[in-house]
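# A look at the structure
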Number of protein chains: 2
Amino acid sequence: MSCSTSPLFPPRNIAIVGVGLLGGSLGMAIRRQWPDAVVTGVSRSEKNQRISVESGCVTRSVADPLAAAADADLVIICTPVGTVAPLAIEIAKTAGPGVTITDVGSTKAQIVQDVEQDQTAAGRFVGSHPIAGGEKSGPEHSRSDLFNNKTVIVTPTENSDPARLQLIGQFWQAVGAKVVSMSPALHDQRLAGISHATHFTACAVASILQQEEILLAGSGWRDTTRVASGDPQMWSDIAFQNAGPIAEKLRAIAAQITEYAQTIENRDQTQLRQLLNEAKQLRDSYSHRQTPTT
Amino acid sequence: MSCSTSPLFPPRNIAIVGVGLLGGSLGMAIRRQWPDAVVTGVSRSEKNQRISVESGCVTRSVADPLAAAADADLVIICTPVGTVAPLAIEIAKTAGPGVTITDVGSTKAQIVQDVEQDQTAAGRFVGSHPIAGGEKSGPEHSRSDLFNNKTVIVTPTENSDPARLQLIGQFWQAVGAKVVSMSPALHDQRLAGISHATHFTACAVASILQQEEILLAGSGWRDTTRVASGDPQMWSDIAFQNAGPIAEKLRAIAAQITEYAQTIENRDQTQLRQLLNEAKQLRDSYSHRQTPTT
């Protein structure tokens, strides 16, 4: 990303639509960085509105996204992926002409394509995906350092406004993240392999067992299946936003597992050691190169 | 397991053949429990012989398993699974008639079957599998509490000597473990699903990516693929000791992943949520019921 400063930077009046773990942590990180900023949270439930203010995630909280966005110069949509595009289009219509809208969704191609159906929204939106999160959800688990040294993928298109793109890049850097830029389609291809198909594979591994077998589980099974505890609704939404690339990667994983089965049945020691060495090399390259990004 | 006391309990002169993480930790746990016990370690390299004595894993260390076993009343074989049976047979022949032999291998059916080809060894051997370990290998990472609250599966057969079986159960309890008993075949069936096939699936997930894609990995991929860093030689040995059950479980996982792919391609939201709910329920039953056993 460019290091020059966007004329829109820094944002002063920020709306966070959906104050869960990500939205809440983002509010905390913003308020740490810019103590004078107005951060308006949007939560449906009164309970979450109260928690998000009491925990220091936001300066004030409302239930209506359009009310929150009315005076905002930056709106960050942190709702489930299926709801991002319609919200972005509505907000682009009702907020002032200076507004910049982004999101934190784990899929990008469908969201960006849907947003860009609307001319006004297209020029005011830049998609983002912070690769950060945690097992616990809800604003009460928010942490101002959640984005420190995490990777945020920003996904501009030919329709993106250069000043807004620059603002979004600077914004994520200001809350501690490293910014990477790629097309929405490439983002979804990459994430299908590194995250989405990995998730459904972990679910498949958990599914084939009976409960009494799980009593014998050790740390290998515990870690390999950890993400299978994730929210089924959220992951179902992600699946249908990125169906093609995810299905393709799942079939590649199934084929590779079948190759392991065949190799073991054939008692082909040379081939099995080669497969295991390749897997180890790839996994070790991760351990050696970087600390986890979430 | 029975709570009565074996006439052979407690052991006084113990040989540990192969002093890595498991053997070393076992030595420490034994010496914590019975400070006067003689614990003889067997390590091929002079370096590991030195480390295992200096770290307090064993009271003395030698290179020859038969020399170590000569005076032992309990011999625990902690070498790769492919070497356990031949060692057990040799040791049964050369040690005194009072010796009891066990092991810590992750597979049991082939080992026990091979040992029981030999009449003498059959009566002196009881198979064990402590579900414990760690990412770091070598005696220098040994911990006297490695077996605390871990599950140890003991696998008697109709040829097992009752007093020796009782000794082995009491022994594992004395070093902190919970003991479960089942047949070698059932052990291998269960472990194929909960451990072995899980391991090769994690390797398959790691394998389908290019190195540059791994740069975007978050904690989901990190945990799902963690075990792919394991030793290829060790896992190749395990694969061929338990080939049938592992291949069967791998094909079940591949079929389940293919069902996920099909469901996502069909945009079948109801079916996908059902699959994800089932997986979550199984995974959550683990989280709620117990702390990890390794």
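Owing to the predicted nature of the structure, the values given are computational and were not obtained by experimental measurement. Counting restarts for each chain: residues are numbered from 1 in the order of the written sequence. Chain letters and ligand numbers both follow the written order, the letters beginning at A and the numbers at 1. Since the coordinates come from a predicted model, pLDDT governs what is reported: local features require at least 70, and pairs of side-chain atoms require 80 or more to be given and counted, while whole-chain, interface and lining totals use all residues. Side-chain measures were taken over the full set of non-hydrogen atoms in the model, leaving aside hydrogen atoms and water.

Another point: unusual backbone geometry. The residue after A:Phe9, namely A:Pro10, is reached through a cis peptide bond having omega -10 degrees. Although it is not a glycine, A:Arg267 adopts a positive phi angle of roughly 55 degrees. Checked against the element boundaries, A:Arg267 lands in the loop between helix H12 (243–265) and helix H13 (269–289). Of note, the phi angle at B:Asn149 is positive, near 65 degrees, even though the residue is not glycine. One can find B:Asn149 in the loop between strand S6 (127–130) and strand S7 (151–155). Secondary structure elements are taken from DSSP: a helix is a run of H or I of four residues or more, a strand is a run of E of two residues or more, and numbering for both begins at the N terminus.

A separate point is the sheet that holds strand S8 (residues 178–181) of chain B. Residues and elements named next belong to chain B. One requirement defines pairing of two strands: DSSP has to find at least two bridges between them. A sheet is described by the order of its strands in space; here 3 strands give the open sequence S6-S7-S8, paired in mixed fashion. The open sheet has two edge strands, S6 and S8, and neither has a second partner. Each adjacent strand pair in this sheet contributes to an overall mean axis angle of 25 degrees, direction not counted. Alignment of S7 against S8, held across 4 bridges, turns out to be parallel. Across the sheet, Ile153 pairs through a bridge with Val180, a residue of S8. The strands that helix H7 (residues 162–174) touches are S6, S7 and S8; relative to S7, the one it contacts most, it runs at about 175 degrees. The contact rule is simple, with two residues in contact once any of their heavy atoms fall within 4.5 Å. Fitted lines through C-alpha atoms give the axes, limited to the stretch in contact for helices. The angle between two N-to-C directions lies from 0 to 180 degrees. Along the sheet, helix H8 (residues 184–207) contacts S6 and S7; its crossing angle with S7, the most-contacted strand, is approximately 140 degrees.

What we call a nonpolar core is a set of buried Ala, Val, Leu, Ile, Met, Phe, Trp, Tyr and Cys residues that are connected through their side-chain atoms within 4.5 Å. Only protein chains enter the accessibility calculation, which uses a 1.4 Å probe. A residue is then buried if its area is under 20% of the maximum for its type, exposed if over 50%, and partly exposed in between. Core analysis: the largest hydrophobic core is formed by 126 residues, its most contacted members being A:Val75, A:Tyr260, B:Val75 and B:Tyr260. Here A:Tyr260 is in contact with A:Leu272, A:Leu275, A:Leu276, A:Ala279, B:Phe200, B:Cys203, B:Ala204, B:Ser207 and B:Leu250, once residues within four sequence places are set aside.

A separate point is the pattern of salt bridges. Residues and elements named next belong to chain B. Salt bridges are identified by distance alone: a Lys or Arg side-chain nitrogen within 4 Å of an Asp or Glu carboxyl oxygen. One pass over the structure, following the stated rule, counts 22 salt bridges over all chains. Across the pair Glu54 and Arg50 runs a salt bridge, and its minimum N-O distance is 3.4 Å. In this pair, Glu54 and Arg50 both sit in helix H2 (residues 46–54), 4 residues apart, roughly one turn of the helix. Here Glu54 falls in the exposed class, since its relative accessible area comes to 59%. Classification of Arg50 by relative accessible area gives partly exposed; the value is 43%. A salt bridge links Asp145 to Arg143, with the shortest nitrogen-to-oxygen separation between them at 3.0 Å.

Quick look at the interface of chain A and chain B now. Each partner contributes residues to the interface: chain A has 86 residues there, and chain B has 85 residues. Here the quantity called buried area is the total loss of accessible area, with a 1.4 Å probe, experienced by two parts when brought into contact, counted for both. Of the roughly 8,300 Å² buried between chain A and chain B on both sides combined, carbon and sulfur atoms contribute 65%. A per-residue breakdown of the area chain A buries against chain B is headed by A:Ile194, A:Leu216 and A:Phe240, which together make up 9% of the total. Taken together, chain A and chain B are joined by 8 salt bridges. Between B:Lys249 and A:Glu213 there is a salt bridge; the shortest N-O distance is 3.9 Å. Mapped by element, the contributors of at least two residues to the side of chain A that touches chain B are strand S7 (151–155), helix H8 (184–207), helix H9 (211–214), helix H10 (219–224), helix H11 (232–241), H12 and H13 of chain A. All residues other than Ala, Val, Leu, Ile, Met, Phe, Trp, Tyr, Cys, Pro, Asp, Glu, Lys and Arg, Gly among them, are scored as polar; the first ten of these are nonpolar and the last four charged. Partitioned by chemical class, the residues of the side of chain A that touches chain B number 42 nonpolar, 28 polar and 16 charged.

Aromatic rings from Phe, Tyr and Trp, taking only the six-membered ring of Trp, are treated as a pair when their centres fall within 6.5 Å; an angle between ring planes under 30 degrees marks them as stacked, one over 60 as edge-to-face, and anything in between as tilted. Under the definition given, this model contains 14 aromatic pairs over all chains. Ring centres of B:Trp34 and B:Phe171 lie 6.3 Å apart, and the angle between their planes is 20 degrees; on these two criteria the pair is classed as stacked. With a gap of 137 residues between them, B:Trp34 in the loop between helix H1 (21–33) and strand S2 (38–42) and B:Phe171 in helix H7 connect regions that are remote in the sequence. Residue B:Trp34 is classed as buried on the basis of its relative accessible area of 10%. Accessibility expressed as a relative area gives 0% for B:Phe171, which makes it buried. Grouped by ring-pair contacts, the aromatic residues A:Phe9, A:Trp34, A:Phe147, A:Phe171 and A:Trp172 constitute a single cluster.

What follows deals with the domain arrangement of chain A. Residue and element names in this part refer to chain A. Entries for chain A in the domain assignment read domain 1 (13–182) and domain 2 (187–289). Residue ranges for the domains trace back to a domain assignment, done automatically or taken from a database. Computed from C-alpha atoms alone, the centre-to-centre distance between domain 1 and domain 2 is 31 Å. Taken together, the 14 residues of domain 1 in the interface contact 10 residues of domain 2. Of the roughly 1,000 Å² buried between domain 1 and domain 2, counting both surfaces, carbon and sulfur atoms make up 64%. The largest share of the area that domain 1 buries against domain 2 comes from Ser106, Thr107 and Met182, three residues that together contribute 37% of it. Whenever two N or O atoms come within 3.5 Å, that pair is a polar contact, provided that in protein one can donate a hydrogen and the other can accept it, and provided that, for residues adjacent in sequence, both atoms are side-chain atoms. Summed over the shared surface of domain 1 and domain 2, the result is 5 residue pairs in polar contact (both at pLDDT 80 or more). Of all the secondary structure elements, the ones that give two or more residues to the side of domain 1 that touches domain 2 are helix H4 (81–94), helix H5 (109–115) and S7. For the side of domain 1 that touches domain 2, the residue count by class is 6 nonpolar, 6 polar and 2 charged.

Residue and element names in this part refer to chain B. Side chains of strand S5 (residues 100–103) alternate between two faces, with Thr100 and Thr102 and Ile101 and Asp103 buried alike. With 4 bridges joining them, strand S4 (residues 74–77) and S5 adopt parallel strand pairing. Note on S5: the bridge partner recorded for Ile76 is Thr102. Read from S4 through helix H4 (residues 81–94) to S5, the crossover connection turns out right-handed. If the strands point away from the viewer and the path from the first strand over the helix to the second runs clockwise, then the crossover is right-handed.

What follows is about the environment of B:Gln110. Residue and element names in this part refer to chain B. Summarising the element assignment, Gln110 is placed in helix H5 (residues 109–115). Spatially, the C-alpha atoms of Gln110 and Val81 are 9.2 Å apart, while their sequence positions differ by 29 residues. Leaving out residues up to four positions away in the same chain, Gln110 has contacts with Asp188 and Gln241.

Looking now at the relation of the copies chain A and chain B. The atoms used to superpose the copies are C-alpha atoms, taken from residues with pLDDT of at least 70 in both, and the fit is least squares. Superposing chain A onto chain B takes a rotation of 180 degrees plus a shift of 0.0 Å along the axis, which leaves an RMSD of 0.0 Å. Such a combination of turn and shift is consistent with a two-fold rotation axis. Ranked by how close their C-alpha atoms come to the rotation axis, the residues of chain A are headed by A:Thr224, at 1.9 Å. Of the interface residues in chain A, 99% have counterparts in chain B that sit at the interface too, so the contact is made through matching surfaces.

Another point: H7(B). Each α-helix winds once per 3.6 residues, and so residues spaced three or four apart point in a common direction. All names here are of chain B. Expected helix span is taken as 1.5 Å per residue step, with the number of steps being one fewer than the number of residues. Over its 13 residues, H7 extends 18 Å from the first C-alpha to the last, a length consistent with the 18 Å expected when each residue adds 1.5 Å. Of all 13 residues in H7, 10 are buried; the element is thus mostly enclosed. Ala163, Arg164, Gln166, Leu167, Ile168, Gly169, Gln170, Phe171, Trp172 and Ala174 are the residues of H7 that are buried. Phi for Gly176, located one or two positions after H7, is positive at around 110 degrees.

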